Amino acid sequence: MKNLAGKVAIITGGTKGIGKAIVLELACRGASVVINYSSDDDAARETLNEIKELGAYGILVKASVGDYEGCKLLIEEAVKVFGRIDILINNAAISTVGLFMDNDFEEFDRILNINLKSVLACSKLAMSELISTEGVIVNISSIWGNVGASCEVLYSATKGAINSFTKALGKEMAMSNVRVNAVAPGVIDTPMNSWMNKEEREELEEEIPMNRFGKTLEVAKVVAFLCSEDSSYMTGQIITVDGGML
């Protein structure tokens, strides 16, 4: 299925976990991909090689989207190489597990900058290009943005803000034919959840009606749907992919 042929897609945090799965899925569907990452050069090269093996085209942009200049570099490089932006996937995010009362202000800034401010900055910087191509923004949120998670308060707060941002911007940009949606994954089998031991994992699986963690590809396919014309009448929506957990 090449329903994204000719499209140019930017994916922040695109070399691991859900981000990498999105990169590969969009590439399989014909999109040229701009793969953003911040530090792991080996993972970035591996991802780019996998893109080439698929017969697709992509570039790497090493930039921290946790600051405005990094976001600016990413958007400018995409336009410089491809001359357009059709799809923006705001995926980059971090989390820490612990009590809110133990979080310091440096941690506040770090999580807010990467999880939330990057979404605002990249969306703003890409908007003129997206208007010209009648493009798409897909934000990666979380079920914890819907209901909140104990011991992940800062993460939950940023994802809740992303949900509101998605709904508001979707309304604002509808007249310009720029669609803005979000995907809220549940518990997905990624390195972000690798801190759990076997017993903790099994206990969590028992709370999920489908009795398993989700696969990154299962999230990526929903993202690809939102990027395609198959979802042409959808904007401002938060799509939950959680195995029935909520």
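Heads up: the structure comes first, above all this text.
Remember, predicted model here, so these are calculated numbers, not experimental data.

Participant: Please provide a residue-by-residue account of the pattern of salt bridges, values included.
Facilitator: The full count for this structure, using the stated rule, is 11 salt bridges. A salt bridge links Asp-40 to Lys-16; the nearest nitrogen and oxygen atoms lie 3.2 Å apart. Here the residue Asp-40 occupies a position in the loop between β2 (32-37) and α2 (41-53), and Lys-16 occupies one in the loop between β1 (8-11) and α1 (17-28), the gap between them amounting to 24 residues. Here Lys-16 falls in the partly exposed class, since its relative accessible area comes to 46%. With its nearest N and O atoms 3.4 Å apart, the salt bridge here joins Glu-205 to Arg-201. With Glu-205 and Arg-201 both in helix α7 (residues 198-206) and four residues apart, this pair spans about one turn of that helix.

Participant: Kindly report on the packing of helix α4 (residues 105-133) against helix α6 (residues 153-173), identifying the contributing residues and their values.
Facilitator: Running from N to C, α4 and α6 point in directions that differ by 15 degrees, and their axes come no closer than 9 Å. Here α4 lies roughly parallel to α6, going by the angle between them. Crossing geometry of α4 relative to α6 is assigned as right-handed. Contact with α4, carried on its side by Glu-107, Phe-108, Ile-111, Leu-112, Asn-115, Leu-116, Val-119, Leu-120, Ser-123, Met-127 and Ile-131, involves Leu-154, Tyr-155, Thr-158, Ala-161, Ile-162, Phe-165, Leu-169 and Met-173 of α6 and no other residues of that element.

Participant: Can you lay out empty space enclosed by the protein for me, pointing to particular residues and giving the numbers?
Facilitator: Within this structure, the stated rule accounts for one cavity of 30 Å³ or more. There is about 40 Å³ of room inside the largest cavity. Lining the largest cavity are Thr-96, Gly-98, Phe-100, Asn-103, Ile-111, Cys-151, Glu-152, Val-153, Leu-154 and Tyr-155. The element best represented in the lining of the largest cavity is α6, accounting for three residues. Of the residues that constitute the lining of the largest cavity, the class distribution is six nonpolar, three polar and one charged.

Participant: Describe in detail the side chain of Asp-86, supporting the description with residues and values.
Facilitator: One can find Asp-86 in the loop between α3 (68-82) and β4 (87-90). A polar atom in the side chain of Asp-86 sits 2.8 Å from the backbone nitrogen of Val-8. Among the polar contacts made by the side chain of Asp-86, one reaches the side chain of Arg-84 at a distance of 2.6 Å. Residues within four places of Asp-86 in sequence aside, it is in contact with Gly-6, Lys-7, Val-8, Leu-130, Thr-133, Gly-135 and Val-136.

Participant: For the packing of α1 against helix α8 (residues 216-227), give the residues involved together with the corresponding values.
Facilitator: Relative to each other, α1 and α8 sit at 50 degrees, their axes nearing to 8 Å. Between α1 and α8, the angle falls in the class oblique. Like other packed secondary-structure pairs, α1 and α8 cross with a definite hand, here right-handed. Facing Gly-17, Ile-18, Ala-21, Ile-22, Glu-25 and Leu-26 of α1, the residues of α8 in contact are Thr-216, Leu-217, Val-219, Ala-220, Lys-221, Val-223, Ala-224 and Cys-227.

What counts, and where the lines are drawn
- Residues numbered from 1 in each chain as written.
- Predicted model: local features only at pLDDT ≥ 70, side-chain atom pairs only at ≥ 80, totals over all residues.
- Heavy atoms only, no water.
- Salt bridge = Lys/Arg side-chain N within 4 Å of Asp/Glu carboxyl O.
- Helix = DSSP H or I, 4+ residues; strand = E, 2+ residues; numbered from the N terminus.
- Buried < 20%, exposed > 50% of the residue type's maximum accessible area, 1.4 Å probe, protein only.
- Axes fitted to C-alpha atoms, helices over the stretch in contact; angles between N-to-C directions.
- Parallel < 35°, antiparallel > 145°, perpendicular 65-115°, else oblique.
- Left-handed = near helix turned anticlockwise from the far one by under 90°.
- Contact = heavy atoms within 4.5 Å.
- 1 Å grid on protein atoms, 1.4 Å probe; cavity = no way out; pocket = protein on both sides within 12 Å on 5 of 7 lines; lining within 4 Å.
- Points joined across faces, edges and corners; volume = space filled by probe spheres on them.
- Nonpolar A, V, L, I, M, F, W, Y, C, P; charged D, E, K, R; others polar.
- Polar contact = N/O pair within 3.5 Å; in protein donor to acceptor, adjacent residues only side chain to side chain.

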